[in-house]
Amino acid sequence: MPKISHLAGVTPQAMHNHPSQLITINEHSFEMLYTTYATKLFRLCCAYLRDEEEAKEIVQGIFQSLWERRAELEIRSAPENYLIRAAKLQVNKHFRDKAIHDKHLALIGMQAAVQENTTEEMVSFQQLSGRVSGLLAQLPAATQRIFQLSREQGMANREIAEEMQVSVKTVEYHISKSIALLRSGLE
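The residue numbers shown here count from 1 along each chain, following its written sequence. In view of the model being predicted, local features appear only for residues whose pLDDT reaches at least 70, and side-chain atom pairs are presented and counted only at 80 or more, with totals across whole chains, interfaces and linings using the full set of residues. Excluded from the side-chain calculations are hydrogens and water; all other atoms, namely the structure's heavy atoms, are used.

Engineer: What is the right way to read helix 3 (residues 52-68) from this model?
Structural biologist: Residues spaced three or four apart along an α-helix point in a common direction, a consequence of the helix completing one turn every 3.6 residues. Runs of H or I in DSSP of at least four residues are treated as helices and runs of E of at least two as strands, each being numbered from the N terminus. Working rule for helices: expected span equals 1.5 Å times residues minus one. Here helix 3 is 17 residues long and its end C-alpha atoms lie 24 Å apart, about the 24 Å a rise of 1.5 Å per residue gives. For helix 3, the full list of buried residues reads Ala55, Ile58, Val59, Ile62, Phe63 and Leu66. Down the axis of helix 3, the buried set is contained in an arc of 125 degrees. They therefore lie on one face. The exposed residues of helix 3 that point more than 90 degrees off its buried face are Glu57 and Glu68. Where helix 3 begins, the side chain of Asp51 points an oxygen toward the backbone nitrogen of Glu53, at a separation of 3.1 Å. Only protein chains enter the accessibility calculation, which uses a 1.4 Å probe; a residue is then buried when its area is under 20% of its type maximum, exposed when over 50%, and partly exposed in between. Regarding the arc, it is the one traced by the directions from the helix axis to the C-beta atoms. Two N or O atoms form a polar contact when they lie within 3.5 Å of each other; inside protein one atom must be a possible hydrogen donor and the other a possible acceptor, and for residues adjacent in sequence the pair counts only when both atoms belong to side chains.

Engineer: I tried to follow the pattern of salt bridges on my own but got confused; where do I start?
Structural biologist: Opposite charge on two side chains lets them pair, provided their charged atoms get close. In the sections that follow, a salt bridge refers to a side-chain nitrogen of Lys or Arg positioned within 4 Å of a carboxyl oxygen of Asp or Glu. Scanning the model with the defined rule gives five salt bridges in all. Notably, a salt bridge pairs Lys40 with Glu80, separated by 2.0 Å at the nearest N-O pair. Note that Lys40 is positioned in helix 2 (residues 27-49) and Glu80 in helix 4 (residues 79-136), a separation of 40 residues in sequence. Glu80 gets classed as buried once you look at its relative accessible area, which sits at 13%.

Engineer: Would you mind showing me how to read the packing of helix 2 against helix 3 here?
Structural biologist: For any two helices packed against each other, one specifies the crossing angle of their axes together with the interaxial distance. The convention used is that axes are lines fitted to C-alpha atoms, helices contributing only their stretch in contact, and that angles between N-to-C directions extend from 0 to 180 degrees. Running from N to C, helix 2 and helix 3 point in directions that differ by 150 degrees, and their axes come no closer than 9 Å. In terms of axis orientation, helix 2 runs roughly antiparallel to helix 3. Along this stretch, helix 2 crosses helix 3, giving a crossing that reads as right-handed. When helix 2 is examined against helix 3, the residues Glu27, Phe30, Leu33, Tyr34, Tyr37, Ala38, Leu41, Phe42, Cys45, Cys46 and Leu49 are found in contact with a partner set consisting of Glu52, Glu54, Ala55, Lys56, Ile58, Val59, Gln60, Phe63, Leu66 and Trp67. Angle categories: roughly parallel below 35 degrees, roughly antiparallel above 145, roughly perpendicular from 65 to 115, and oblique for all the rest. Each crossing gets its handedness from the near helix: less than a right angle anticlockwise from the far helix is left-handed, clockwise is right-handed. Two residues qualify as a contact provided that any one of their heavy atoms is within 4.5 Å of a heavy atom in the partner residue.

Engineer: Just to check I follow, could you spell out the environment of Glu54 for this structure?
Structural biologist: Residue position: Glu54 is located in helix 3. Put simply, Glu54 and Val91 are 37 residues apart on the chain and 9.2 Å apart in space, counted from C-alpha to C-alpha. Look past the residues within four positions of Glu54 in its chain and what remains in contact with it is Leu49 and His94.

Engineer: When you look at the packing of helix 6 (residues 157-164) against helix 7 (residues 168-186) in this model, what are you seeing that I'm missing?
Structural biologist: Where helix 6 contacts helix 7, the two axes come as close as 8 Å, and the packing angle between them is 110 degrees. One element, helix 6, and the other, helix 7, form an angle in the roughly perpendicular class. Residues Asn157, Arg158, Ile160 and Ala161 of helix 6 lie in contact with helix 7, whose contacting residues are Val168, Val171, Glu172 and Ile175. Residues are sorted three ways: Asp, Glu, Lys and Arg are charged, Ala, Val, Leu, Ile, Met, Phe, Trp, Tyr, Cys and Pro are nonpolar, and all the rest, Gly among them, are polar. Split into classes, the residues belonging to the contact of helix 6 with helix 7 amount to five nonpolar, one polar and two charged.

What follows is the structure, encoded as structure tokens:
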């Protein structure tokens with residue numbers, strides 16, 4: 001098993017000289033890692049993100065994770081390499097998360113637009129239905145009934161004629177009268 005160093009009294013240069021050592025984290029070594037590498041990691045993250053606040057959050061997150069996992073964490077490479085790799089992984093995660101977030105925002109925007117269109121279409125349909133009902137109410141009862149059987153129930157002219165005991169020509173006349181009224185009333 002490689003030699004274990006707790007970094008107590010170890011300089012950053014010494015950490016580079018012994019990259020094969022297994023490094024464990026204690027309070028002193030954590031402080032040394034933070035003071036030695038936080039600025040470098042911040043600059044690295046800024047270079048990728050071009051956002052200082054995001055870079056600060058990532059660096060703080062790296063060191064917070066380092067501290068929280070110190071009991072089970074084993075760093076088997078130079079601490080600088082480990083921290084730079086952690087920073088690059090977090091930057092990549094940031095871009096992935098942002099892409100997913102942006103995609104979700106776009107979907108929500110599209111759904112809102114579709115919902116808005118659907119609402120407008122429903123209001124227009126209801127207004128049109130109201131106008132049609134108002135126009136049909138002006139027709140005599142027999143004409144209304146024939147139009148309803150033809151257009152709303154989908155019955156054929158012959159079926160309507162049999163049910164109402166009128167001729168097919170009478171059914172055609174009432175349907176034509178209904179359609180003419182609707183055309184003139186909806187223009």
